Structures are given as structure tokens and as C-alpha cells.
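The primary structure of each chain is shown beneath.
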Amino acid sequence: AQSVSQHNHHVILSEAASLELGCNYSYGGTVNLFWYVQYPGQHLQLLLKYFSGDPLVKGIKGFEAEFIKSKFSFNLRKPSVQWSDTAEYFCAVNDGPGGSSNTGKLIFGQGTTLQVKP
Amino acid sequence: EPEVTQTPSHQVTQMGQEVILRCVPISNHLYFYWYRQILGQKVEFLVSFYNNEISEKSEIFDDQFSVERPDGSNFTLKIRSTKLEDSAMYFCASSGGQGVYGYTFGSGTRLTVV
């Protein structure tokens, strides 16, 4: 079964620091990869997604992620965080085209809480 | 931007009672989902729904749970006899495609079973 592992459970940074959140998945087939953000009291919002092509994906709010197939990783990065980036970040994966599940079910990591100090 | 709407935002119910969580997906979407997030834990898939039937469900989605699309706009999750461990945030989501390329989540319903 697919699983997603996020290495950092709670990250505390000062404003302007660089951010990298780790995400690894276990699945040998074609996958689609996602990062969602959940601001306090709000719903899950899509930050970025990878389906195919350029493994460096740019998302909203200055975030980017790099898909490294050989490492089964999809780490999220931002060069300079802001206080408003304080939120919980979820990595998620589902089967790509031709996968065993054609329902688009997402498997989520356990989430990383990011706290940015002003 | 189109939204997925969930009501109520917070529901408190007594153990053993039935609850219905309501969702209005984006109007031209065809695939619908329920997920839940127990406090402090990861977001978990419950069920997917397409063409008026369940297309996939998780082990969590036992006989106590059911879903329905009673009309052209609403998508509901019913829990027949709630347990304390059903307390969680429940998210509805919808997708225009198969969801393979991601979808839009609602703001969630926080269910508290007492």
C-alpha cells in the first residue's frame, strides 16, 4: 500500500529563513504528488502539484518542490518564509495514469506544522 | 473561484445519535470524496463517489457510514450511531476529472461526539 512520510513534525523558523520540508512516498509506479497547506481554522488549499515533466514545480506564494524519482521524494522549499506562512503543510500522493486506483484517492502524510516567528 | 461548501462548520452530538454532514460540491464536478482528520493525526480517505455510487472506500468506512447525493447539488455523509472516536474534522472534496490530478476541498465540519 502507498504511504507518505513527512520527516519534520514541527518546524520553527524566523522570518526570512529558508524552508525545506521533507516528503517521501512508497510506491513504485507512476504517481501524482501534491502539497497542501492548511492555515489555522481554514480548509486545505493546494500549494502545488506534480504530474509529469519538469521535476521542479513552482506553486503559489513562492513555494516550489522538487520531484526526485530515484529518492521517492518530493520536498517543499521556500527561499524566504514570512510570518503569514505559519500553517500546517501536508504532502499527498495518488496513483498516476494507469495506476491501480482510478478514483483519485489521496494518501496524506502526517503533516508538518510550520511556525514562523516575526 | 468556485468553492466546495460544507455545513455545519461545527456539530456536537451525543454518542449513539445519527448525524448528517452536508456538502455542496462545485457544480460541474463529477467525483466526490469524504476525508477525515482526527485531531493531531493525518488526513484519512473515507470514500469516493462517482455516477451515484461508491467507487472506493477505506476500512474506516464501515456499515455505520453512508453517503448519498440526494439531488443534483448536495453530497451527504451519514453516521448512523456515532461513537466517541468519530470525533474529527470531516472534509468534503470534489473533482472535475477522476481526482487523479487533485481536487478542491471544503472548509470542513468539526464533529464532536460527547
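Residues numbered from 1 in each chain as written. Chains lettered and ligands numbered in written order. Predicted model: local features only at pLDDT ≥ 70, side-chain atom pairs only at ≥ 80, totals over all residues. Heavy atoms only, no water.

Draft legend 1. Structural context of the side chain of Asn75(A). You can see Asn75(A) is positioned in strand β9 (residues 73–78). Engagement of the side chain of Asn75(A) in a polar contact is seen with the backbone nitrogen of Cys23(A), the distance being 2.9 Å. (Helix = DSSP H or I, 4+ residues; strand = E, 2+ residues; numbered from the N terminus. Polar contact = N/O pair within 3.5 Å; in protein donor to acceptor, adjacent residues only side chain to side chain.)

Draft legend 2. Representation of the pairing of β9(A). Residue and element names in this part refer to chain A. Buried residues dominate β9, accounting for 5 of its 6 residues. Pairing of strand β3 (residues 19–21) with β9 involves 3 bridges; the strand directions are antiparallel. Considered in β9, the bridge of Leu 21 is made with Leu 76. Taken together, the 5 bridges between strand β8 (residues 64–68) and β9 define a ladder with antiparallel strand orientation. Opposite Ile 68, over in β9, you have Ser 73 as the bridge partner. Where β8 folds back onto β9 in an antiparallel hairpin, the turn is made up of 4 residues, including Phe 72, whose phi is positive at roughly 50°. (Buried < 20%, exposed > 50% of the residue type's maximum accessible area, 1.4 Å probe, protein only. Pairing = 2+ DSSP bridges.)

Draft legend 3. Representation of the sheet that holds strand β8 (residues 75–79) of chain B. Residues and elements named next belong to chain B. If you walk across this open sheet you meet the 4 strands as β1-β3-β8-β7, and the pairing is antiparallel. Each of the sheet's edge strands pairs with one partner strand only, and the pair in question is β1 (5–7) and β7 (65–68). Averaged over all adjacent pairs, the angle separating strand axes in this sheet is 20°, with direction ignored. (Axes fitted to C-alpha atoms, helices over the stretch in contact; angles between N-to-C directions.)

Draft legend 4. Just the nonpolar core, in detail. Membership of the largest hydrophobic core comes to 28 residues, with the highest contact counts inside it found for Leu33(A), Trp35(A), Leu47(A), Leu48(A), Phe74(A), Leu76(A) and Tyr89(A). Only β2 (10–14), β3, β5 (31–38), β6 (44–50), β8, β9, β10 (87–95) and β12 (112–117) of chain A provide two or more residues apiece to this core. Excluding residues within four positions of it along the chain, Leu47(A) makes contact with Trp35(A), Tyr36(A), Val37(A), Gly59(A), Ile60(A), Phe63(A), Leu76(A) and Tyr89(A). Counting residues in hydrophobic clusters, the runner-up holds 22 residues, among them Val19(B), Phe32(B), Phe61(B) and Ala88(B). (Core = buried A, V, L, I, M, F, W, Y, C linked by side-chain atoms within 4.5 Å. Contact = heavy atoms within 4.5 Å.)

Draft legend 5. How the structure looks around the environment of Ala92(A). Tracing the backbone through its elements, the reader meets Ala92(A) in strand β10. Considering only alpha carbons, one finds Ala92(A) and Gly111(A), 19 residues apart in sequence, at a separation of 9.5 Å.

Draft legend 6. Spotlight on the packing of aromatic side chains. As enumerated under the stated definition, the model contains 23 aromatic pairs over all chains in all. When the centroid spacing of 5.6 Å and the interplanar angle of 70° are considered together, the rings of Tyr25(A) and Phe72(A) count as edge-to-face. Of this pair, Tyr25(A) sits in strand β4 (residues 24–26) while Phe72(A) sits in the loop between β8 and β9, and the two are 47 residues apart along the sequence. Assessed through its relative accessible area of 6%, Tyr25(A) is described here as buried. The class of Phe72(A) is partly exposed, set by a relative accessible area of 35%. The structure contains a cluster of three or more aromatic residues connected by ring pairs, namely Phe34(A), Tyr36(A), Phe51(A), Phe90(A), Phe108(A), Tyr33(B), Tyr35(B), Phe45(B), Phe91(B), Tyr103(B) and Phe105(B). (Phe/Tyr/Trp six-rings, centres within 6.5 Å; stacked < 30°, edge-to-face > 60°.)

Draft legend 7. The arrangement of the state of the cysteines in detail. In the structure shown here, the tally under the stated rule is 2 disulfides over all chains. Across the disulfide, Cys23(A) is cross-linked to Cys91(A) (sulfur-sulfur distance 1.9 Å). Handedness of the Cys23(A)-Cys91(A) disulfide follows from its S-S torsion of about -65°: it is left-handed. Of the two residues, Cys23(A) is situated in the loop between β3 and β4 and Cys91(A) in strand β10; the sequence distance between them amounts to 68 residues. Each disulfide pairs two cysteine sulfurs, and for Cys23(B) the partner residue is Cys92(B), the sulfurs being separated by 2.0 Å. Disulfide Cys23(B)-Cys92(B): torsion about the S-S bond near -65°, hence left-handed. Here Cys23(B) is found in strand β3 (residues 19–24), whereas its partner Cys92(B) is found in strand β9 (residues 88–95), with 69 residues between them in sequence. (Disulfide = S-S within 2.5 Å.)

These figures come from the coordinates and say nothing about function on their own.
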